[in-house]
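An overview of the molecular structure
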Amino acid sequence: MTTEEFYQSLYHDIFLKWILLNAQDYMKDNITCQVQEESDISTTLLFHTNKMIGRVTIWHNNIVEEEIKQKNCQDNLFYLHYKIVDLGQAKSLFKEFYQRLEFVVVMVFQHLYL
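Since the structure is predicted, the reported quantities are computational estimates derived from the model, not experimental observations.

So, about the packing of aromatic side chains. Overall, the coordinates contain twelve aromatic pairs when judged by the stated rule. Look at tyrosine 26 and phenylalanine 94: their rings are 6.3 Å apart centre to centre, the planes differ by 55°, and that puts the pair in the tilted class. With tyrosine 26 in helix 2 (residues 23-28) and phenylalanine 94 in helix 3 (residues 87-113), this pair connects stretches of sequence that are 68 residues apart. Exposure class is identical for tyrosine 26 and phenylalanine 94. Each is buried. Centroid distance phenylalanine 94 to phenylalanine 97: 5.7 Å. Interplanar angle 40°. Geometry classified as tilted. With phenylalanine 94 and phenylalanine 97 both in helix 3 and three residues apart, the pair spans about one turn of that helix. Comparing phenylalanine 94 with phenylalanine 97, the two get one shared label, buried. Through pairs of rings, three or more aromatic residues link up here, namely Phe15, Trp18, Tyr26, Phe47, Phe78, Phe94, Phe97 and Tyr98.

This is the structure:
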């Protein structure tokens, strides 16, 4: 096993831990995060808001799926899948997913209070 292969074998665990370690920050944005499912091949995280559900599935082969749906509708508002090339790239794409989820929360709150 090369050094690069060794580090790639850790991407799933490191990326997952990084997301979960930031759970307190999500709560500040009125977004909850929880592990929905863990298996030998993947881990799925759920992000809940008042109106939306975000789902991030991290596969052990370093494929990541991100999606955002309304709670009362099965249509995807956002979907992205990618292979983790390096952790910087994965963090950047996750932040894009999170910003989209956060944007929907802000829009809902503005609508409620205007």
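Now that the structure has been shown, the text picks up again.
What follows covers the nonpolar core. By size, the foremost hydrophobic cluster in this structure holds 23 residues, and its most contacted members are Phe15, Ile19, Tyr26, Phe47, Val56, Phe94 and Phe97. Residue assignment for this core shows that the elements contributing at least two residues are helix 1 (3-21), strand 2 (42-48), strand 3 (52-59), strand 4 (63-70), strand 5 (76-83) and helix 3. Apart from the residues within four sequence positions on either side, phenylalanine 94 is in contact with Phe15, Trp18, Ile19, Tyr26, Phe47, Val56, Glu66 and Tyr82.

Our focus in this paragraph is the pairing of strand 5. One ladder, built from seven bridges, connects strand 4 with strand 5; its direction is antiparallel. Of the residues in strand 5, the one forming a bridge with isoleucine 68 is phenylalanine 78. In this structure, the hairpin formed by strand 4 and strand 5 is closed by a connection of five residues.

Below, the discussion takes up helix 1. Working note: α-helix, 3.6 residues per turn, so residues spaced by three or four point in the same direction. Counted at 1.5 Å a residue, the expected span for helix 1 with its 19 residues is 27 Å, and the 26 Å between its end C-alpha atoms agrees. Taken together, the buried positions of helix 1 are occupied by Tyr11, His12, Phe15, Leu16 and Ile19.

Another point: the sheet that holds strand 1 (residues 32-38). Overall, antiparallel pairing links the five strands, which are arranged 1-2-3-4-5 in an open sheet. Taken across any chain shown, the strands that pair with only one partner, and hence form the sheet edges, are strand 1 and strand 5. Neighbouring strand axes in the sheet, compared pairwise and without regard to direction, differ in orientation by 15° on average. In the sheet, strand 2 pairs with strand 3 via seven bridges, with the strands oriented antiparallel.

Here is what the cut-offs are and how they apply
Residues numbered from 1 in each chain as written. Predicted model: local features only at pLDDT ≥ 70, side-chain atom pairs only at ≥ 80, totals over all residues. Heavy atoms only, no water. Phe/Tyr/Trp six-rings, centres within 6.5 Å; stacked < 30°, edge-to-face > 60°. Helix = DSSP H or I, 4+ residues; strand = E, 2+ residues; numbered from the N terminus. Buried < 20%, exposed > 50% of the residue type's maximum accessible area, 1.4 Å probe, protein only. Core = buried A, V, L, I, M, F, W, Y, C linked by side-chain atoms within 4.5 Å. Contact = heavy atoms within 4.5 Å. Pairing = 2+ DSSP bridges. Expected span 1.5 Å × (residues − 1). Axes fitted to C-alpha atoms, helices over the stretch in contact; angles between N-to-C directions.

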